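Chain by chain, the residues:
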Amino acid sequence: QVQLVESGGGLVQAGGSLRLSCAASIRTFSSYNMGWFRQAPGKEREFVAGITNGGGYTNYADSVKGRFTISRDNAKNTVYLQMNSLKPEDTAVYYCAADRSGYISITAPDYEYWGQGTQVTVSS
């Protein structure tokens, strides 16, 4: 059974940093592209960042470019999201997701597996 478990969320002041982790119990983790999405109250789930299965290519939402960095360690079956210069508008539940398509999708329904989410709250 595939499980994705996020951790690292919390409360931080504007300008601060957090590092999210997503541990995957997927036997063929290195076959999956991984994505981070977020959902704020009353809003749709939106793409934040994605990384290809080998880690050679990444993609970011315009709103986080230059502030967030996605990375992965296939030996540890883990994907990370380093978030710097956090803003109050980054407040949301952050989800990691796994996808076996041949490209980094920015569309949530394209992803096969999802974690339960971790709350990130940025105070002003």
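Our subject is the structure that appears above.
Note that the coordinates shown come from a computational prediction; the quantities given were computed from them, not determined experimentally.

A. Representation of the environment of Gly115 within the structure. You can see Gly115 is positioned in the loop between strand 10 (113-114) and strand 11 (118-123). The class of Gly115 is buried, set by a relative accessible area of 12%. Those residues in contact with Gly115, other than ones at most four positions away along the chain, are Leu4, Glu6, Tyr95 and Cys96.

B. Representation of the pattern of salt bridges within the structure. One pass over the structure, following the stated rule, counts five salt bridges. The salt bridge involving Arg38 is made with Asp90; its shortest N-O contact spans 2.9 Å. Of this pair, Arg38 sits in strand 4 (residues 33-39) while Asp90 sits in the loop between strand 8 (78-83) and strand 9 (92-99), and the two are 52 residues apart along the sequence. An identical accessibility class is assigned to Arg38 and Asp90; each is buried. A salt bridge links Asp90 to Arg67, with the nearest nitrogen and oxygen atoms 2.7 Å apart. In this pair, Asp90 sits in the loop between strand 8 and strand 9 while Arg67 sits in the loop between strand 6 (58-60) and strand 7 (68-73), placing the two residues 23 residues apart along the sequence. One continuous salt-bridge network, built from bridges that share partners, spans Arg38, Glu46, Arg67 and Asp90.

C. Structural detail: the side chain of Asp99. In this fold, Asp99 is placed in strand 9. At 2.5 Å, the side chain of Asp99 and the side chain of Ser101 are in polar contact. The contact partners of Asp99, leaving out residues within four places of it in the chain, are Tyr32, Asn33, Ser105, Asp110, Tyr111 and Glu112.

D. Structural context of the sheet that holds strand 3 (residues 18-24). Read across the open sheet, the four strands follow the order 1-3-8-7; overall the sheet is antiparallel. In this open sheet, the two edge strands, each paired with only one partner strand, are strand 1 (4-7) and strand 7. For this sheet, the mean inter-axis angle between neighbouring strands, taken without regard to orientation, is 15 degrees.

What counts and what doesn't
Residues numbered from 1 in each chain as written. Predicted model: local features only at pLDDT ≥ 70, side-chain atom pairs only at ≥ 80, totals over all residues. Heavy atoms only, no water. Helix = DSSP H or I, 4+ residues; strand = E, 2+ residues; numbered from the N terminus. Buried < 20%, exposed > 50% of the residue type's maximum accessible area, 1.4 Å probe, protein only. Contact = heavy atoms within 4.5 Å. Salt bridge = Lys/Arg side-chain N within 4 Å of Asp/Glu carboxyl O. Polar contact = N/O pair within 3.5 Å; in protein donor to acceptor, adjacent residues only side chain to side chain. Pairing = 2+ DSSP bridges. Axes fitted to C-alpha atoms, helices over the stretch in contact; angles between N-to-C directions.

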